[in-house]
Amino acid sequence: MPSAGPAELDAAGITDPALRAGYTACRELSAVHGRTYFLATRLLPAQRRPAIHALYGFARHADEIVDDLADGRPATDRAVELDALAGQLATALDGGPAARPVLAAVADTAARYRIDRQHFTDFLVSMRMDTSVTDYPTFDDLARYVHGSAAVIGLQVLPVLGTVVPRAEAEPHAAALGVAFQLTNFLRDVGEDLDRGRVYLPAEELAAFGVDRELLAWCRHTRRRDPRVHRALAHLVARTHAVYRRAEPGVAMLEPVSRACVTCAFTLYRGILDEIAEAGYHVLHRRVAVSTRRRVAVALPGLARALVARARS
């Protein structure tokens, strides 16, 4: 497991042993499951990193309840656990005891940065949808899900990053970036999501190219290509690039010390779309990823920019 990052906790003024344990658990979840986010977070000042780890760690913890393929429990049992998690989070946000280490960290982060608790409520609503909703007819239907699963993540993170404009001015761009990351995940993970019984690509968009769930499943299981799937995925990749363009002006609205982090995540995550295209959209049977070499090539200049911004601040 990765180290606990005690210097980061010290820099953030987190001294309580129970809190440090919670933040450490979140950092480990980030390092293991969110390699792109974790790498980008290294470009932030040390005192801000634990908060980002806490927000990611909580989101990942909830996501695992509904998405763990090794967990054979029925969806109803997962929904019950999510409801319990929601109650435990409310208690922790109200200043009560935290039932899980991850909750101690995220409640502390919410208090430190005055994060609107509605963002956490909306997130858990979308997570609960994953226990009953298996597909989305239109982009409007999907938008209701990604608001809670993605847009609010951008809104949670924004107070930690800080802005040089009124926060309300930056919020639409932060929300759009969260959505862009989520849509990228849907395109990258379409095969794995099929294994979970879900399709996050809007049926109406797929149908315009002659694609349905059955064809996607056929491509998944046979590992064969179909030109209709190619065209549909190319269309959805183009739509996702448009969301990145809507998000991009928000980077300049962040505090200078945070821009390198977000630029790194932005570049690497958008790069997944390029990897999908370079694979000829033949991604139903495997997950594409940005290479380690590319990660380093993006991160090193970002580190230089981050160090300059810290020196100036």
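You'll find the structure just up there.
*Asks:* What should I look at first to understand the overall build of the chain in this one?
*Replies:* Across its full length, the chain carries 15 helices and zero strands. Relative to the globule expectation of 20 Å for 313 residues, the C-alpha radius of gyration of the chain, 19 Å, shows essentially globular dimensions. Principal-axis analysis of the C-alpha atoms gives the chain an extent of 55 × 45 × 35 Å. Residues counted as buried form 51% of the 313 residues belonging to the chain. Total accessible area computed for the chain in this model is approximately 14,000 Å², and 55% of it derives from carbon and sulfur atoms.

*Asks:* When you look at empty space enclosed by the protein in this model, what are you seeing that I'm missing?
*Replies:* With a probe scaled to a water molecule rolled over the atoms, the places where space remains empty come into view. Enumeration according to the criterion identifies one cavity of 30 Å³ or more in this entry. By volume, the largest cavity is sized at about 60 Å³. In terms of lining residues, the largest cavity is bounded by Phe 139, Leu 142, Leu 183, Leu 187, Tyr 200, Leu 201, Pro 202, Leu 236, Arg 239 and Thr 240. Put simply, the parts of the chain that give the lining of the largest cavity at least two residues each are helix 8 (139-161), helix 9 (167-188) and helix 13 (227-247). Counting residues per element, the lining of the largest cavity draws most heavily on helix 13, which supplies three residues. When its residues are assigned to classes, the lining of the largest cavity shows eight nonpolar, one polar and one charged.

What counts and what doesn't
- Residues numbered from 1 in each chain as written.
- Predicted model: local features only at pLDDT ≥ 70, side-chain atom pairs only at ≥ 80, totals over all residues.
- Heavy atoms only, no water.
- Helix = DSSP H or I, 4+ residues; strand = E, 2+ residues; numbered from the N terminus.
- Rg over C-alpha atoms; globule rule 2.2 N^0.38 Å.
- Buried < 20%, exposed > 50% of the residue type's maximum accessible area, 1.4 Å probe, protein only.
- Areas by Shrake-Rupley, 256 points an atom, 1.4 Å probe, with all protein chains shown as cover.
- 1 Å grid on protein atoms, 1.4 Å probe; cavity = no way out; pocket = protein on both sides within 12 Å on 5 of 7 lines; lining within 4 Å.
- Points joined across faces, edges and corners; volume = space filled by probe spheres on them.
- Nonpolar A, V, L, I, M, F, W, Y, C, P; charged D, E, K, R; others polar.

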